[in-house]
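# Structural overview
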Amino acid sequence: MTAITNTQTTTTVRPGKIRNRVLWTLQIVLGLFFIIASGGPKLVIPQTLMENNATAFSIPLALLVFIGLAEVAGGIGLMVPRLTAAAAIGLAIVTFLAAGFNAFLAGTPELAPFPLVLTAIFAWIAYERRASITALRALLER
C-alpha cells in the first residue's frame, strides 16, 4: 500500500494579527485627524472659527473649546494602548452628538452621515479593544 503525503507547506495567517494592524492604523490616522484637523483648530483659533461659521447657529465659545479639548484628548487616547477603548467610547459619543447637532440644530442634515460613520468606527474600535478597559480598571485599583 502506498501512502500519499502532501509536500506543500501551508502558512497560517492569523486574523488577529491583521485585525490588530488594521485597528492600530485606524487609531493612529483618526487620532492624528482629531488632534490636528478637528480639535486643534478649536483650541488654537476658536474665535476665528466662530466668526467664520457658515451656519447661523452659533455655540458658546467655552463649549467650542471644551469640544476641542475632548477631541484632542480622545485623539491622544487612541494612540495610548491602555486608553484606546475609553478614548474610542468618548469619541463615539462626541461624533454621535455632532451628527445630532448637524441634523437637528444646525439645519445641515447632509453633514450628519460622516460623524455617524465615525461613530460606528469608534464603536468597533472600543469593542475590539475592550480588554484595555479591564486593564485600565486594574491599574486604577492599585
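Bear in mind the structure is a predicted one, so any value in this text is a computation, not a measurement.

With that out of the way, let us pick up the overall build of the protein chain. If you tally the helices and strands in the protein chain, you get six helices and zero strands. Counting helices and strands in the order they occur from the N terminus, the protein chain gives α-α-α-α-α-α. Put simply, the protein chain has 142 residues, and 28% of those count as buried. Look at the contacts in the protein chain between residues 6 or more apart in sequence, and 67% of them connect residues 24 or more apart.

Turn by turn, an α-helix covers 3.6 residues, leaving residues three or four places apart pointing in a common direction. Over its 22 residues, helix α4 (residues 84-105) extends 30 Å from the first C-alpha to the last, a length consistent with the 32 Å expected when each residue adds 1.5 Å. Every buried residue of α4 is accounted for by T84, A85, A87, A88, L91, A92, T95, A99 and N102. All buried residues of α4 fall inside an arc of 145° around its axis, so they share one side. Of the exposed residues in α4, the ones pointing more than 90 degrees away from its buried face are F96, L97, F104 and L105.

Look at the UniProt record and you will see "transmembrane region" (unreviewed entry) annotated at residues 22-45, 57-78, 85-105 and 111-127. The distance from the first to the last C-alpha atom of residues 22-45 is 33 Å, and the span holds 96% helix and 0% strand. Taken as a whole, residues 85-105 contains 100% helix and 0% strand, while its terminal C-alpha atoms sit 29 Å from one another.

Before going further, it helps to spend a moment on the nonpolar core. The nonpolar side chains of a soluble globular protein tend to be buried with one another. Residues L23, L30, F34, L78, A87, A88, L91, A92, L118, F122, I125 and A126 constitute the largest nonpolar core, which totals 12 residues. Elements supplying a minimum of two residues to this core: α1 (15-44), α4 and α5 (113-128). What A126 contacts, discounting residues up to four positions off in sequence, is A85, A88 and I89.

Oppositely charged side chains may form a pair once their charged atoms are brought near each other. Taken as a whole and assessed by the stated rule, the structure comprises two salt bridges. The partner of R19 in a salt bridge is E128, with the nearest N and O atoms 3.5 Å apart. With R19 in helix α1 and E128 in helix α5, this pair connects stretches of sequence that are 109 residues apart. The partly exposed category is assigned to R19, whose relative accessible area is 39%.

Before going further, it helps to examine the packing of aromatic side chains. For the coordinates displayed, the defined rule picks out two aromatic pairs. Measuring from centroid to centroid gives 5.3 Å for F33 and F34, while their planes differ by 90°, and the two rings are edge-to-face. Among the residues examined, F34 registers a relative accessible area of 3% and is labelled buried. In this structure an aromatic cluster arises from ring pairing among F33, F34 and F122. Sitting over the ring of Y127, R130 keeps its end group 4.1 Å from the ring centre.

What counts and how
Starting afresh in each chain, residues are numbered from 1 along the sequence in its written order. Since the coordinates come from a predicted model, pLDDT governs what is reported: local features require at least 70, and pairs of side-chain atoms require 80 or more to be given and counted, while whole-chain, interface and lining totals use all residues. To obtain the side-chain values, all non-hydrogen atoms of the structure were used and water was disregarded. What counts as a helix is a DSSP run of H or I of at least four residues, what counts as a strand is a run of E of at least two, and both are numbered from the N terminus. Note on classification: 1.4 Å probe, protein chains only; a residue is buried when its accessible area is under 20% of the maximum for its type, exposed when over 50%, partly exposed between these limits. Residue contacts follow a heavy-atom distance rule, with two residues in contact if any of their heavy atoms lie within 4.5 Å. Expected span of a helix: the number of residues minus one, times 1.5 Å. This arc corresponds to the set of directions leading from the helix axis out to the C-beta atoms. UniProt positions are given in the numbering used here, feature names are shortened, and annotations may be inferred rather than shown by experiment. We call a set of buried Ala, Val, Leu, Ile, Met, Phe, Trp, Tyr and Cys residues a nonpolar core when their side-chain atoms join them within 4.5 Å. A side-chain nitrogen of Lys or Arg and a carboxyl oxygen of Asp or Glu constitute a salt bridge if their distance falls within 4 Å. Working definition: rings of Phe, Tyr and Trp (its six-membered ring) pair if their centres are within 6.5 Å, and the pair is stacked with planes under 30 degrees apart, edge-to-face with planes over 60 apart, and tilted otherwise. Think of it as a cone above the ring: NZ of Lys or CZ of Arg counts as a charge over the ring if it is within 6 Å of the ring centre and within 35 degrees of the ring normal.

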